[in-house]
Amino acid sequence: MRAMDRLAGKVAIVTGAARGQGAAEAALFASEGATVVLTDVLVSEGQVTAAACGGTFHQHDVSNEEAWQRVVDATLAAHGRIDVLVNNAGIFHRARMIEHTLDDFRRLLDINTIGVFLGMRTVAPAMIAQQSGSIINISSIAGLVGAPNSIGYGASKFAVTGMTKTAAFELARHGIRVNSIHPGMIETEMIHEVARHDDAILQKMANSTPFRRPAAPEEIANLALYLASDESSFSSGSEFVADGGVTAI
Ligand SMILES: NC(=O)c1ccc[n+]([C@@H]2O[C@H](COP(=O)([O-])OP(=O)(O)OC[C@H]3O[C@@H](n4cnc5c(N)ncnc54)[C@H](O)[C@@H]3O)[C@@H](O)[C@H]2O)c1
């Protein structure tokens, strides 16, 4: 197969694709021949990002069950199939455990965990009918090891790691693969907010990691491309880490 055609003929939904890693994934998938459907709660940003990569945009809150059905129905009506789902949408909340409110904890679970469950459940019937598909759930290194000052986020991302394995097991007989990606520090709005939009703080955070730099969103998109493509045909239920060595020790 020609390079630039690694997703030829495939239809991919990417959530949280208005900006950051989701936007990088949608653009890369489109450049590799996929038909891309971008979703986000950020409407004007999402429309601009979708137009730039030739994709379709849907306003979509991933924690909303009916909204998921609308996105899947519209995608099937327009394109007839769904080959790839990237459950990328997510939020971060920083707070010490003793100060973490229950409302903030529930909001993290609603978006980061229930959003992923609803996504997998809603696309599964179409993928089962096709007897093929690849679901990519964006967890975090906070879904593999403890992360200070983010107990709700860690809970929400460990849940993604576990759900990925359950879904992989149940869907394997239908030719559907389900894997999780565990990014380290990626330079997007999320990490800039953590660093309070101060480059010195960002660099200090990066200096505590082996590579001493954050990754560009494209470095995660390349991994997602591999999992979306048939090149990863024997991988399912697995954790794919791209963290610049953070969890090596
Ligand atoms: N940036 C990092 O260092 C890092 C590290 C590990 C994991 N992650 C994960 O990567 C994923 C992408 O984050 P990012 O780094 O691109 O940050 P980002 O904040 O730039 O992008 C997240 C996107 O998700 C969207 N979103 C938020 N809530 C939503 C909802 N309810 N429904 C639909 N969309 C919603 C946002 O509008 C935004 O466009 C997230 O799941 C995040 O937890 C990020």
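Here we summarise the structure given alongside this text. Computed from a predicted model, the values in this text were never measured in an experiment. (Residues numbered from 1 in each chain as written. Predicted model: local features only at pLDDT ≥ 70, side-chain atom pairs only at ≥ 80, totals over all residues.)

### Regarding the nonpolar core
Counting residues in hydrophobic clusters, the biggest one holds 54 residues, and the most contacted among them are Ala-12, Ala-26, Phe-29, Val-36, Ala-224 and Ala-228. Broken down by element, this core gets its largest block of residues, seven residues, from helix 1 (residues 20-31). Among residues more than four places away in sequence, those in contact with Ala-224 are Glu-25, Val-86, Ile-136 and Ile-181. In this structure, Val-62, Leu-108, Ala-142 and Tyr-153 belong to the second largest nonpolar core, which totals eight residues. (Core = buried A, V, L, I, M, F, W, Y, C linked by C-beta atoms within 7 Å. Buried ≥ 20, exposed ≤ 12 C-beta atoms within 10 Å, placed from the backbone. Helix = DSSP H or I, 4+ residues; strand = E, 2+ residues; numbered from the N terminus. Contact = placed C-beta atoms within 7 Å.)

### Considerations on the site of the ligand
Surrounding the ligand, one finds 29 residues, the nearest of these being Gly-16, Gly-20, Ala-89, Gly-90 and Met-190. Elements with a minimum of two residues in the shell around the ligand: helix 1 and helix 6 (189-194). Classifying every residue of the shell around the ligand by side-chain character gives 14 nonpolar, 11 polar and four charged. (Near = placed C-beta within 6 Å. Nonpolar A, V, L, I, M, F, W, Y, C, P; charged D, E, K, R; others polar.)

### What about the sheet that holds strand 7 (residues 239-242)?
One open sheet holds the seven strands; their spatial order is 3-2-1-4-5-6-7, and the pairing between them is parallel. A strand with exactly one partner marks an edge of an open sheet, and here the two such strands are strand 3 (56-59) and strand 7. Neighbour-to-neighbour, the strand axes of the sheet open up by a mean angle of 20°, direction not taken into account. As paired elements, strand 2 (residues 35-40) and strand 3 share four bridges and run parallel to each other. (Pairing = 2+ DSSP bridges. Axes fitted to C-alpha atoms, helices over the stretch in contact; angles between N-to-C directions.)

### Considering the environment of Ala-51
Relative to the helices and strands, Ala-51 is located in helix 2 (residues 43-52). Since 12 C-beta atoms lie within 10 Å of it, Ala-51 is described here as exposed. Separated by 13 residues in the primary sequence, Ala-51 and Leu-38 have C-alpha atoms spaced 10.0 Å apart.

### Here's the deal with the packing of helix 1 against helix 8 (residues 217-228)
Packing of helix 1 against helix 8 leaves a shortest axis separation of 8 Å and a crossing angle of 50°. Of the possible angle classes, the one that applies to helix 1 and helix 8 is oblique. Helix-helix and strand crossings are classified by hand; for helix 1 and helix 8 the assignment is right-handed. Contact with helix 1, carried on its side by Gly-20, Gln-21, Ala-24, Glu-25, Leu-28 and Phe-29, involves Pro-217, Glu-218, Ile-220, Ala-221, Ala-224, Leu-225 and Ala-228 of helix 8 and no other residues of that element. Partitioned by chemical class, the residues of the contact of helix 1 with helix 8 number nine nonpolar, two polar and two charged. (Parallel < 35°, antiparallel > 145°, perpendicular 65-115°, else oblique. Left-handed = near helix turned anticlockwise from the far one by under 90°.)

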